[in-house]
Amino acid sequence: MFKIIHAQFLAPGIKRFVIEAPRIARKQKPGQFVILRIYEEGERIPVTIENSDPVKGTINIVVQSAGKTTHLLNMLETGDSILDVVGPLGKPSEIRNFGTVVVVGGGVGTAMAYPTAAALKDAGNRVISIVGARNKELVILEKEMRAVSDALLITTDDGSYADKGFVTDKLRQLIENGTRIDLVVAVGPIVMMKAVSALTRKENIHTVVSLNPIMIDGTGMCGGCRVLIDGKSEFACVDGPEFDAHKVNFEVLVQRNAMYRDSERQSMEEFQAREQSASVEPMSRKIGETWGTPSGHATQGEQR
Amino acid sequence: MSPTAAKSKNPLSPKDRMKVPRQLMPEQAAELRAHNFEEVNLGFSPELAQQEALRCLECAKPTCTDNCPVGIDVKDFVQKIVVGDFLGAAAKIREANVLPAITGRVCPQEDQCEGKCLLSKKVKPLGIGYLERFVADYEQRMGTHVVPHAEPTGKKVAVVGSGPSGLTVAGDLIQKGHKVRVFEALHEIGGVLVYGIPEFRLPKQIVREQIDYMRQMGVEFETDVVVGRTVTIDELLEEEGYDAVYVGTGAGLPQFMNIPGEHLNGVYSANEFLTRINLMKAYKFPVYDEPMLDLHGKDVAVIGGGNTALDAIRSALRLGARKAYVIYRRSDAEMPARAEEVHHARQEGIDFQMLTAPVEFLSDGKGWLTGARCVRMDLGEPDSSGRRRPVAIEGSEFDLPLSVAVIAIGTSANPIVQSTTPGLGTNKGGYIQASDETQRTTRKGVFAGGDIVTGSATVILAMGAGRRAAKSIHEYLTTGLW
């Protein structure tokens, strides 16, 4: 049982949880993640670690509502508990002085890009960060990213904040302006990481992406998270989650992540029907009553 | 043959004992059980058990015990059954084996105790596994097993992994008075016993009962700890005050075949397929959230011939598969699965495609599996495993239509502990180096055993290693000598 010390929405559908997990807090390094399970019948899902406080023994995770589990998670409040949190999993990001690094965060991926950017800055790199979101409301961690970056560039798809466009537009401008870039780190939706990768491949700029395949155990035991790297199967949980972007087969990643789309839709529909039904006890209330204070209302999520 | 008939409480002469037929295990009818997850074997009644026990020849030098990885005193416990002292029989087994209800169900007895039974020279061997299971279940039903308590020694041992070898180490050491804490990466205790072996072969309630018993003995468990990531071996020894660590992290990364199409949707590793079913209860979706592909009316194949392969394909059948194939590249004789499982699988209607191997998985062009292109094999000269090497027959290709394929061809070493423990020696395959006798590794105070040392093997071999390790850890803790 892992207690939620603090829960707060960063943006519509994106929530930050401060969770009591002393062992994980002591060990977490940038680039790593946790797997959690909310309740007994729940599935195990990988979730980004934004930060940790080894002294207080807490970790921060950032969750975007997408399917049933993330919706349920985002209904939990301060004082509730999560049944299982295990980690930190995956290999940490490679942190050393590369020179100039561009860190790209797309949507909720910004939460995972942030600790890496901070560590790269600490290691003496010049850090240029690019944060992209669909609209103004969904730009997260702007202040935090600014604090660890020599320059911060922001784009929104609809132009409701900062510059209209995509993160790749900003990256292309940097390249065209003759900025010497030694490394690009990109964390975000697959389509974004794929676009970044396509751009930097042409320019021959070493690029690292953090992959988010379907996972169960997170220790290499099940092989469900296998990704095709340079034509060979590798496991994102033990060999990754970060890989050389130019070797990643993004098509296979997209295809494998869609494997349970029908089940995920069914889960979500039944969940929503239950939450709205007057005659059945809502799931969120059930979990709240079991493990803490009753939770708030569902937030309509954004698919990242 | 030298039965000690003089002292024996067995009323039958050795000759008459051999006339008693091996008692049949009552089981669920094949056509019924192929559609449910209830246990296949129903267990002996006291009468059946006593009848079977009468068959024991009470050899002066019992080869059954010699051939048991944990050295159970078979002759003694079987004689206790003859006289109706079932609890005494259970206590006798427990001296050597902390998980009798589990080994009675999953051991390959034909390769061990029963394989060396003197009876088998003339008639069928004694049903030692059935008898072990009977007394363990009897003891559990009576709720009378004694909880031993030893004088505390003040020493602390960390056990990494809660599978069969870790549980054995924990059970043995707690009885010596050491404090024992078991760390498990998953959210449930039991390792392969809960994520790997299905309900119809080993009900999870049995595993829980055995673990509850260990808790009563004082063993502590901590779930959600991936040793190497959440905490390192060095931290356990230096900061958390453990005097010794046992590494029993088990079967590692699933192997794939490296043939085209392995990344298609519909291709699973056996570990993933079984974990979804057993640990995550995906077959109860949507009551449980973890999904799996719907197998109703689908054609499913497993590739491989071990217990894991049979567990996977028999699960697929129970989940509604229309056709369920085992694709194995060698012949019946080389199949490593337990004989009883092969027998049960055939009864249930599993289609065994022997001397066959897939060379490619076929796709619908949209990323989904539609079949496997296979070749037929011939057996050539023996390979490094001593088994005859399969050789593809030219021009024998054929396509087998499939919706789901499960790859069960073994595992390779999981690197997490090794890569985070400086000075811990590994062998060529990346498995942890440990002494066959003492299970000591190259690091002082660190012991290892089970699949992480030997590669994929059986529950009982892992338990045997656990037993040797417990003995050697106790020695180390008592003498301080390395």
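Everything numeric in this text was worked out from a predicted model, so none of it was measured.

## Overview of the domain arrangement of chain A
All names here are of chain A. As assigned here, chain A comprises domain 1 (2–89 + 261–291) and domain 2 (100–257). Opposite the 19 residues of domain 1 that make contact, domain 2 presents 20 residues. Interface area, domain 1 with domain 2, both sides summed: about 1700 Å², of which 67% is carbon and sulfur. In this structure, the connection of domain 1 to domain 2 is made through one salt bridge. Among the salt bridges present, the one from Glu144 reaches Arg16, with a minimum N-O distance of 3.3 Å. Scanning the region where domain 1 abuts domain 2 turns up three residue pairs in polar contact (both at pLDDT 80 or more).

## Considerations on the packing of helix α6 (residues 190–203) of chain A against helix α7 (residues 250–257) of chain A
Two quantities define a packed helix pair, namely the angle between the axes and the distance from one axis to the other. Residue and element names in this part refer to chain A. Where α6 meets α7, the axes come as close as 10 Å, and the angle between the chain directions of the two elements is 175 degrees. The orientation of α6 with respect to α7, classified from their angle, is roughly antiparallel. Of α7, the residues touching α6 (which contributes Ile190, Met193, Lys194 and Ser197) are Phe250, Glu251, Leu253, Val254 and Asn257. Taken together, the residues of the contact of α6 with α7 break down into five nonpolar, two polar and two charged.

## Comments concerning the packing of helix α6 (residues 86–94) of chain B against helix α8 (residues 128–142) of chain B
Residues and elements named next belong to chain B. It is the contact of α6 with α8, at a shortest axis distance of 9 Å, that shows an interaxial angle of 110 degrees. Classified by the angle their axes make, α6 and α8 are roughly perpendicular. Regarding α6 and α8, the two cross each other, and that crossing is left-handed. Of the residues in α8, those in contact with Phe86, Leu87, Ala89, Ala90, Ile93 and Arg94 of α6 are Glu132, Phe134, Val135, Tyr138, Glu139 and Met142. The class makeup of the residues in the contact of α6 with α8 is nine nonpolar, no polar and three charged.

## Side note on helix α9 (residues 164–174) of chain B
Most of α9(B) sits inside the fold, with 11 of its 11 residues counted as buried. Within α9(B), the full set of buried residues consists of B:Pro164, B:Ser165, B:Gly166, B:Leu167, B:Thr168, B:Val169, B:Ala170, B:Gly171, B:Asp172, B:Leu173 and B:Ile174.

## Here's the deal with the sheet that holds strand β6 (residues 267–269) of chain B
All names here are of chain B. If you walk across this open sheet you meet the five strands as β6-β14-β7-β8-β9, and the pairing is parallel. On the outer flanks of this sheet lie β6 and β9 (351–353), each paired with one strand and no other. If you compare each strand with its neighbour and ignore which way they point, the axes differ by 20 degrees on average. Contacts from helix α13 (residues 270–279) reach β6 and β14 (404–407) within the one sheet, and its direction differs from that of β6 by about 85 degrees. Helix α14 (residues 307–318) contacts β7 (299–303), β8 (323–327), β9 and β14 of the sheet and is inclined by roughly 170 degrees relative to β7.

## Points about the state of the cysteines
Residues and elements named next belong to chain A. All chains considered together, the criterion is met by zero disulfides over all chains. With no disulfide of its own, Cys237 lies 3.7 Å from the sulfur of Cys225, the closest cysteine sulfur. Residue Cys237 is classed as buried on the basis of its relative accessible area of 2%.

## Considerations on unusual backbone geometry
Among all residues save glycine, negative phi is the norm, and among peptide bonds the norm is trans. Cis geometry is adopted by the peptide bond preceding A:Pro241, which originates at A:Gly240 and carries an omega value of 15 degrees. Backbone geometry at A:Asp230 places phi at a positive 55 degrees, although glycine is not the residue there. Turning to its location among the elements, A:Asp230 is positioned in the loop between β14 (226–229) and β15 (232–235). One non-glycine residue, B:Leu355, lies in positive phi territory at about 50 degrees. Note that B:Leu355 resides in the loop between β9 and β10 (356–363). Classification of B:Leu355 as partly exposed rests on a relative accessible area of 25%.

## Some details on the confidence of the model for chain B
Residues and elements named next belong to chain B. Scored by pLDDT, chain B comes out at a mean of 93, with 98% of its residues at no less than 70. Low confidence marks residues 1–5, where pLDDT is under 50. Its contacts with residues over four positions away, or in another chain, come to 10 contacts. Of the two predicted TM-score estimates for the complex, the pTM is 0.91 and the ipTM is 0.88.

## A short note on the confidence of the model for chain A
Detailed reading of the predicted coordinates is not advisable wherever pLDDT falls low. For chain A, per-residue confidence averages 90 on the pLDDT scale, and 91% of positions sit at 70 or higher. Long-range and interchain partners of residues 288–304 of chain A, a stretch whose pLDDT sits below 50, account for 49 contacts in this model, where long-range means more than four residues apart.

## With respect to the pairing of strand β12 (residues 183–187) of chain A
Residues and elements named next belong to chain A. By the criterion of burial, β12 is predominantly enclosed, with five of the five residues buried. Side chains Leu183, Val185 and Val187 project from β12 onto one buried face, and the interleaved Val184 and Ala186 project onto a second face that is buried too. Note that strand β8 (residues 100–106) and β12 share five bridges and pair parallel. Paired with Gly105 across the strands is Val187, a residue of β12.

## Concerning the sheet that holds strand β3 (residues 220–222) of chain B
Hydrogen bonding along the main chain pairs the strands of a sheet, whether they run parallel or antiparallel. Residue and element names in this part refer to chain B. Pairing is parallel in the open sheet, where five strands are placed in the order β3-β2-β1-β4-β16. Each edge of the open sheet is held by one strand with a lone partner, namely β3 and β16 (446–448). Between one strand axis and the next, the sheet turns through 20 degrees on average, direction left out of account. The pairing of strand β1 (residues 156–160) with strand β2 (residues 179–183) spans five bridges and is parallel. Bridging across to β2, Val159 finds its partner in Val182. Of the strands in this sheet, β1, β4 (244–247) and β16 are in contact with helix α18 (residues 459–479), which crosses β4 at around 170 degrees.

## Things to note about the pattern of salt bridges
Residues and elements named next belong to chain B. Taken as a whole and judged by the stated rule, the model has 53 salt bridges over all chains. The partner of Lys179 in a salt bridge is Glu220, and the shortest N-O contact between them spans 3.1 Å. In this pair, Lys179 sits in strand β2 while Glu220 sits in strand β3, placing the two residues 41 residues apart along the sequence. Look at Lys179 and you get partly exposed, because its relative accessible area is 44%. A relative accessible area of 29% places Glu220 in the partly exposed class. Note that Arg338 is salt-bridged to Glu340, the shortest N-O span being 3.2 Å. By relative accessible area, which is 4% here, Arg338 ends up buried. For Glu340, a relative accessible area of 13% corresponds to the buried category. Among the ionic contacts, a cluster of salt bridges with common partners joins Glu27, Arg33, Arg201, Asp311, Arg314, Arg318, Arg338, Glu340, Glu341 and Glu348.

Reading guide: rules and limits
- Residues numbered from 1 in each chain as written.
- Chains lettered and ligands numbered in written order.
- Predicted model: local features only at pLDDT ≥ 70, side-chain atom pairs only at ≥ 80, totals over all residues.
- Heavy atoms only, no water.
- Domains from an automatic or database assignment.
- Contact = heavy atoms within 4.5 Å.
- Buried area = accessible area lost by both parts, 1.4 Å probe.
- Salt bridge = Lys/Arg side-chain N within 4 Å of Asp/Glu carboxyl O.
- Polar contact = N/O pair within 3.5 Å; in protein donor to acceptor, adjacent residues only side chain to side chain.
- Axes fitted to C-alpha atoms, helices over the stretch in contact; angles between N-to-C directions.
- Helix = DSSP H or I, 4+ residues; strand = E, 2+ residues; numbered from the N terminus.
- Parallel < 35°, antiparallel > 145°, perpendicular 65-115°, else oblique.
- Nonpolar A, V, L, I, M, F, W, Y, C, P; charged D, E, K, R; others polar.
- Left-handed = near helix turned anticlockwise from the far one by under 90°.
- Buried < 20%, exposed > 50% of the residue type's maximum accessible area, 1.4 Å probe, protein only.
- Pairing = 2+ DSSP bridges.
- Disulfide = S-S within 2.5 Å.
- pLDDT = per-residue confidence, 0-100.

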